[in-house]
Amino acid sequence: MYVCSCFGITETEVKAHADAGACTPRQIASASKAGTDCGSCVRRIQSILGRGGCPRRELLDRRTPVLVEPADPEVTAVPTTLAPAPAPAPVSARLRKAA
């Protein structure tokens, strides 16, 4: 049964994302776009997720991917660090470049 008719997301897909660690409708939206267009499916997604415990912390502790496509067996680890963003150029340098 379709949960999100805007993007064709089924109840099975939502449950698969939940099994992979998605605990909120926002996390389901990040994984599948469900709920990001008209929003009429958000309450249905909430009811599918229920009020149970979130396995996300346990998955992170085991270094298992949290929000990946369920059919993607190639992904085996979550990056532990991110590279810092480069510092922005001083305002004077940006003004000279614009001129």
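What comes next is a walk through the structure.

**Considering the packing of helix H1 (residues 11-19) against helix H3 (residues 42-49)**
No. 1: The N-to-C vectors of H1 and H3 enclose an angle of 55°; their axes lie 10 Å apart at closest approach. Considering their axes alone, H1 and H3 lie oblique with respect to each other. The handedness of the crossing between H1 and H3 comes out as right-handed. On H3, the residues that touch Glu-11, Val-14, Lys-15 and Ala-18 of H1 are Arg-44, Ile-45, Ile-48 and Leu-49.
No. 2: Among the residues making up the contact of H1 with H3, the classes are represented as five nonpolar, no polar and three charged.

**A closer look at the side chain of Glu-11**
No. 1: Position of Glu-11 relative to the elements: it lies in helix H1.
No. 2: On the basis of relative accessibility, which here comes to 18%, the residue Glu-11 falls in the buried class.
No. 3: Contact partners of Glu-11, with chain neighbours within four places excluded, come to Met-1, Val-3, Arg-44 and Ile-48.

**What about the pattern of salt bridges?**
No. 1: Enumeration over the complete set of coordinates arrives at two salt bridges.
No. 2: A salt bridge links Glu-11 to Lys-15, with the nearest nitrogen and oxygen atoms 3.3 Å apart. Of the two residues, Glu-11 and Lys-15 are both situated in helix H1; the distance of four residues between them amounts to about one turn of the helix.
No. 3: Taking the relative accessible area as the measure of exposure, Lys-15 reaches 42% and is therefore partly exposed.
No. 4: A salt bridge links Glu-11 to Arg-44, with the nearest nitrogen and oxygen atoms 2.8 Å apart. With a gap of 33 residues between them, Glu-11 in helix H1 and Arg-44 in helix H3 connect regions that are remote in the sequence.
No. 5: When salt bridges that share partners are traced, they join Glu-11, Lys-15 and Arg-44 into one network.

**So, the nonpolar core**
No. 1: Membership of the largest hydrophobic core is limited to twelve residues, which are Val-3, Cys-4, Ile-9, Val-14, Ala-18, Ala-22, Ile-28, Ala-34, Cys-41, Ile-45, Ile-48 and Leu-49.
No. 2: At the level of secondary structure, the elements contributing two or more residues to this core comprise strand S1 (2-4), H1 and H3.
No. 3: Top contributing element to this core by residue count: H3, with three residues.

About the thresholds
Residues numbered from 1 in each chain as written. Predicted model: local features only at pLDDT ≥ 70, side-chain atom pairs only at ≥ 80, totals over all residues. Heavy atoms only, no water. Axes fitted to C-alpha atoms, helices over the stretch in contact; angles between N-to-C directions. Helix = DSSP H or I, 4+ residues; strand = E, 2+ residues; numbered from the N terminus. Parallel < 35°, antiparallel > 145°, perpendicular 65-115°, else oblique. Left-handed = near helix turned anticlockwise from the far one by under 90°. Contact = heavy atoms within 4.5 Å. Nonpolar A, V, L, I, M, F, W, Y, C, P; charged D, E, K, R; others polar. Buried < 20%, exposed > 50% of the residue type's maximum accessible area, 1.4 Å probe, protein only. Salt bridge = Lys/Arg side-chain N within 4 Å of Asp/Glu carboxyl O. Core = buried A, V, L, I, M, F, W, Y, C linked by side-chain atoms within 4.5 Å.

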